[in-house]
Amino acid sequence: MIEIDRLSVVFGGIHALNRVTVTLMAPVSGIIGPNGAGKTTFLNVLSGFVRPAEGSVRMDGLELLALPPHARARAGLRRSFQREQVVDEMSVEDNVRVVLDPIRLSRAERARLLDRALDYCGLTAVRRERAERLNACERRMTELARTIVGSPQLVLLDEPGAGLSQGEVERLRQVIAGIHAFAGAQTLLIDHDVELIQAVCQDTMVLDFGMLIAAGPTADVLRDARVRAVYLGMEEGTA
Amino acid sequence: MAGQIHLPTAPSALSASAVLPVAAAERAPVNLSAFLVLGVLAIAVPLAANTLWLKVATGVMIYSLTAMSIAVLYRRLGLVSLTHVALMGCGGWVVLRLAHGFDTPFEVNLLCGGLGAGLAGTALAWPALRMRGLYLALVTLMAAGAYAILINVTQFPNGGDGWLGVAVRAVAFMPRPWIALSDQAYFVYCCGIVALGYALIGWHEATRAGRGWAMIRRSEAAAMSVGVNVTLYKVWGFALSGFLAGIAGGLLAGDLQFLDARSFPAAESVMIFALTIVGGAWHWYGALIAAALYRLAPAILNNAGVDGNAAYIFFGLALIQALATAPKGIAGQIAGLLDRLARRGSQG
Ligand SMILES: Nc1ncnc2c1ncn2[C@@H]1O[C@H](COP(=O)(O)OP(=O)(O)OP(=O)(O)O)[C@@H](O)[C@H]1O
Ligand SMILES: [Mg+2]
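Along each chain, residue indices are assigned from 1 in the same order as the chain's sequence is written. All chains are assigned letters beginning at A, and all ligands numbers beginning at 1, according to the order in which they are written. Selection of residues for local features in this predicted model requires a pLDDT of at least 70, selection of side-chain atom pairs for listing and counting requires 80 or more, and totals for whole chains, interfaces and linings are taken over all residues. As a convention, hydrogens and water are excluded, and side-chain values are obtained from all of the structure's heavy atoms.

Draft legend 1. Representation of the packing of helix H3 (residues 51–77) of chain B against helix H10 (residues 230–256) of chain B within the structure. Residues and elements named next belong to chain B. H10 packs onto H3 with a crossing angle of 175 degrees between their chain directions and a minimal axis gap of 9 Å. In terms of orientation, H3 lies roughly antiparallel with respect to H10. Every residue of H10 that contacts H3 at Lys 55, Thr 58, Ile 62, Tyr 63, Leu 65, Thr 66, Ser 69, Ile 70, Leu 73 and Leu 77 is listed here: Tyr 233, Lys 234, Gly 237, Phe 238, Ser 241, Leu 244, Ala 245, Ile 247, Ala 248, Leu 251, Leu 252 and Asp 255. Amino acids are sorted into nonpolar (Ala, Val, Leu, Ile, Met, Phe, Trp, Tyr, Cys and Pro), charged (Asp, Glu, Lys and Arg) and polar (every other residue, Gly among them). Split into classes, the residues belonging to the contact of H3 with H10 amount to 14 nonpolar, 5 polar and 3 charged. Helix axes are fitted only over the stretch in contact, all axes being lines through C-alpha atoms; the angle between N-to-C directions runs from 0 to 180 degrees. Numbering goes from the N terminus for both helices and strands, where a helix is a DSSP run of H or I of at least four residues and a strand is a run of E of at least two. Angles are sorted into four bins: roughly parallel if under 35 degrees, roughly antiparallel if over 145, roughly perpendicular if 65 to 115, and oblique for all others. Note on contacts: a residue pair is in contact if any heavy atoms of the two residues lie within 4.5 Å.

This is the structure:
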């Protein structure tokens, strides 16, 4: 469960987030909104890269804002980035193994968790390849494997479907939908692909100019008049 | 050289793999061929070289440790340190102090020298946590300058009394390790330590530290998001780098059996950094090439009747060439060549 209370972020005069208060409990929650709405900023506050002007963030009762970013990761907060952050010079498995490094585990347990995550993301065949040889989809999957290996509590995904083909998004959809069953973790998913959000997110929150304009069951939210206005506006803008 | 230091201080622009396709040969920066080559050198050089060239070769070995210690910091964390000759001096000071003061075995002194310089290296991590690029390079350069002043005041221990151990008269020479008393044996000894240095770096890069550094290099945000404690890993990198430079300083003290405070100016740190880039920070043999340029090239010029300082002009040109056309240095070019040969061999 994620409890956000009066969260505000200010970047020199711009309110990137403006008093956002929301509680997220669904296994997979979506975050949507037009470009510059504050979606990435929201994740950045959760992972500790952006310090909010006010507010509090709790993950299963744990006050996150008190912890440095790496400690949040060790507490089970995982994320992927809008610009994927796979290391080219490392093998796929090392790219994932790095998450388990700071965690105290037996050698056998470490190997088992790694195998399981690679298998779940369909990377077993390429696990020893250097990441530079991967295609865009495999790179996204490598980053996803990083977020689910071990025992994550909360997985934050920032536009994981960007730049993928229709078929690849379908694979991605299955992987994301299964995270809760696979690792018991709650997921927050940012994406501009409303079909993907509809397919995997039980709940969705909508941001616009840093304000929370709707939150609740995905179907209801997408029917909301304000949300439709914002989204139609965005689609005109981007099309 | 000082006018050029702004060139190598943009490591991300120079060496990011996005700029150049990574050569396929460059899989692990340290590999078995390093030990093979060192083994061959350890046998061949003492047989072939006279006293003069043996001295030069020993210098090459010692400075290749320094170059590899600079390279690991640059390669893994993208950090420019212009202070490694000063760190060698720290290691050398500790080794001389212990040898003259306590008669402890050379290996113990060497280890302590490494640890002492490693500690000094971690002090440099402090500014490195706050700044990067040119600013960090300048801070490390100032640290090297401060060291040069300090050591000129204190001098290196030479068997005297007191805490500093400096004697004005009756200067004593530090004994070499008993298994490596002759110049030949000492060269082989240095080869062995260089091999250990490669092993230490290789081990770091292949394990947890290497993965953490690689993440930091990708981006600090990405590193933090997978639980890497960026501060700790940077300090760790500096400690390892300082340790190796300190070992090099200790070996230098053992080679000469004393150290002269005047031979540790800040400019030498800049020079050895520049040569590390020219030699190539991304392949294990880059360090050997850098050290050969630093010690061997001037000796060859001198031998040919040319002023050895002419090498510095050549180094300046080589640095510009490296920065403009070969960000992975001479070693990178050799690796590319070997790669092409191997491909041709497998085709034909
Ligand atoms: N580090 C920063 N410094 C200053 N302004 C920032 C910073 N990060 C984000 N912003 C601004 O905050 C606002 C929200 O940006 P954010 O990246 O969170 O949007 P987003 O919803 O993720 O958009 P997109 O869909 O394009 O990814 C934008 O106006 C952006 O320019
Ligand atoms: Mg974004």
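Draft legend 2. Focus on the packing of aromatic side chains. Two rings belonging to Phe, Tyr or Trp (six-membered ring only in the last case) form a pair when the distance between their centres is within 6.5 Å. Interplanar angles under 30 degrees mark stacking, angles over 60 mark edge-to-face geometry, and anything in between is tilted. Per the stated rule, a full pass over the model turns up 13 aromatic pairs over all chains. Ring centres of Tyr 120 of chain A and Phe 182 of chain A lie 4.3 Å apart, and the angle between their planes is 25 degrees; this geometry places the pair in the stacked category. Linking Tyr 120 of chain A in helix H4 (residues 107–120) with Phe 182 of chain A in helix H7 (residues 179–183), this pair joins segments that are 62 residues apart in sequence. Accessible area is worked out with a 1.4 Å probe on protein chains only. A residue is then buried under 20% of its type maximum, exposed over 50%, and partly exposed in between. For Phe 182 of chain A, a relative accessible area of 14% translates into the label buried. Between Tyr 198 of chain B and Trp 284 of chain B the ring centres are 5.7 Å apart and the planes differ by 90 degrees, which places this aromatic pair in the edge-to-face class. With Tyr 198 of chain B in helix H7 (residues 183–206) and Trp 284 of chain B in helix H12 (residues 284–303), this residue pair connects regions lying 86 residues apart in the sequence. Residue classification places Trp 284 of chain B among the buried residues on the basis of a relative accessible area of 7%.

Draft legend 3. Quick peek at the site of ligand 1. Residue and element names in this part refer to chain A. Around ligand 1, 13 residues are found, and the nearest of them are Gly 36, Lys 39, Thr 40, Thr 41 and Gln 82. Pairing of N or O atoms within 3.5 Å defines a polar contact, subject to two protein rules: one partner must be a possible hydrogen donor and the other a possible acceptor, and residues neighboring in sequence count only if both atoms are side-chain atoms. In this structure, Gly 38 approaches ligand 1 through a main-chain N or O atom, which is 3.0 Å from an oxygen atom. Broken down by element, the shell around ligand 1 gets its largest block of residues, 3 residues, from helix H1 (residues 39–47). Looking at the shell around ligand 1 residue by residue, the class counts come to 4 nonpolar, 7 polar and 2 charged. By convention in these notes, a residue is near a molecule or strand provided one of its non-hydrogen atoms lies within 4 Å of it.

Draft legend 4. Looking closely at the coordination of the magnesium ion (ligand 2). All names here are of chain A. With water omitted from the atoms examined, metal sites may look incomplete; donors here are N, O and S atoms no farther than 2.8 Å from the metal, or 3.2 Å in the case of Na, K and Ca. The coordination sphere of the magnesium ion (ligand 2) contains the protein donors Thr 40 (OG1) and Gln 82 (OE1), at a distance range of 1.8 to 2.2 Å. Taken together, the residues Thr 40 in helix H1 and Gln 82 in the loop between strand S6 (77–79) and helix H3 (92–100) connect sequence positions 42 residues apart. A residue is classified by how much of its surface remains accessible, and Thr 40, at 25% relative accessible area, is partly exposed. Residue classification places Gln 82 among the partly exposed positions, given a relative accessible area of 37%.

Draft legend 5. Spotlight on the interface of chain A and chain B. On the side of chain B, 19 residues touch chain A, which itself brings 24 residues to the contact. Summed over both partners, the accessible surface that disappears when two parts come together, traced with a 1.4 Å probe, is what is meant by buried area. Of the roughly 2000 Å² buried where chain A meets chain B, counting both sides, 56% is carbon and sulfur surface. The term salt bridge refers to a pairing of a side-chain nitrogen on Lys or Arg with a carboxyl oxygen on Asp or Glu at a separation within 4 Å. The interface formed by chain A and chain B holds 3 salt bridges in total. Asp 101 of chain A serves as the salt-bridge partner of Arg 211 of chain B, at 2.8 Å between the closest nitrogen and oxygen. Residues of the side of chain A that touches chain B, tallied by class, amount to 11 nonpolar, 2 polar and 11 charged.

Draft legend 6. Quick peek at the sheet that holds S6 of chain A. Residue and element names in this part refer to chain A. One bridge is not enough; two strands pair if DSSP finds at least two bridges between them. Spatially, the 6 strands line up as an open sheet ordered S6-S7-S8-S3-S9-S10, and their pairing is mixed. The open sheet has two free edges, formed respectively by S6 and strand S10 (211–217), since each of these has just one partner strand. The sheet shows a mean angle of 15 degrees between the axes of neighbouring strands, taken without regard to direction. Sheet topology places strand S9 (residues 203–208) next to S10; 6 bridges connect them, and they run antiparallel. Each bridged residue has a counterpart across the sheet, and for Met 205 the counterpart in S10 is Ala 215.

Draft legend 7. Expanded view of the pattern of salt bridges. All names here are of chain A. Under the counting rule described, the total for this entry stands at 27 salt bridges over all chains. Salt-bridge contacts for Glu 93 lead to Arg 97; the nearest nitrogen and oxygen are separated by 3.4 Å. Here Arg 97 and Glu 93 lie together in helix H3, a separation of 4 residues that amounts to about one turn. Close ionic contact of Arg 173 with Glu 170 constitutes a salt bridge, the shortest N to O distance being 3.0 Å. With Arg 173 and Glu 170 both in helix H6 (residues 166–177) and 3 residues apart, the pair spans about one turn of that helix. Relative accessible area serves as the criterion here: at 26%, Arg 173 is assigned to the partly exposed category.

Draft legend 8. Up close: the pairing of strand S7 (residues 154–158) of chain A. Residues and elements named next belong to chain A. Most of S7 sits inside the fold, with 5 of its 5 residues counted as buried. What you see with S7 is no split at all: Leu 154, Leu 156 and Asp 158 on one side and Val 155 and Leu 157 on the other are buried throughout. In the sheet, S6 pairs with S7 via 3 bridges, with the strands oriented parallel. Paired with Leu 77 across the strands is Leu 154, a residue of S7. For S7 and strand S8 (residues 186–190), the ladder comprises 5 bridges, and the chain directions are parallel. Paired with Asp 158 across the two strands is Ile 190, which belongs to S8.

Draft legend 9. Examining the sheet that holds strand S5 (residues 62–63) of chain A more closely. Residue and element names in this part refer to chain A. An order of S2-S1-S4-S5 is seen for the 4 strands of this open sheet, with the pairing classed as antiparallel. One side of each edge strand has no neighbouring strand; the edge strands of this open sheet are strand S2 (14–24) and S5. Bridge analysis of strand S1 (residues 2–11) against strand S4 (residues 54–59) gives 5 bridges, and the strand direction is antiparallel. Across the sheet, Ile 2 pairs through a bridge with Met 59, a residue of S4.

Draft legend 10. Structural context of the environment of Ile 32 of chain A. Residue and element names in this part refer to chain A. Looking at the secondary structure, you find Ile 32 in strand S3 (residues 28–32). Assessed through its relative accessible area of 0%, Ile 32 is described here as buried. As a C-alpha pair, Ile 32 and Val 227 span 195 residues in sequence and 9.6 Å in three-dimensional space. Setting aside residues up to four positions removed in sequence, Ile 32 forms contacts with Lys 39, Asp 191, Ile 197, Thr 204, Met 205, Val 206, Leu 207, Leu 222 and Tyr 231.

Just geometry here; none of it tells us what the structure is for.
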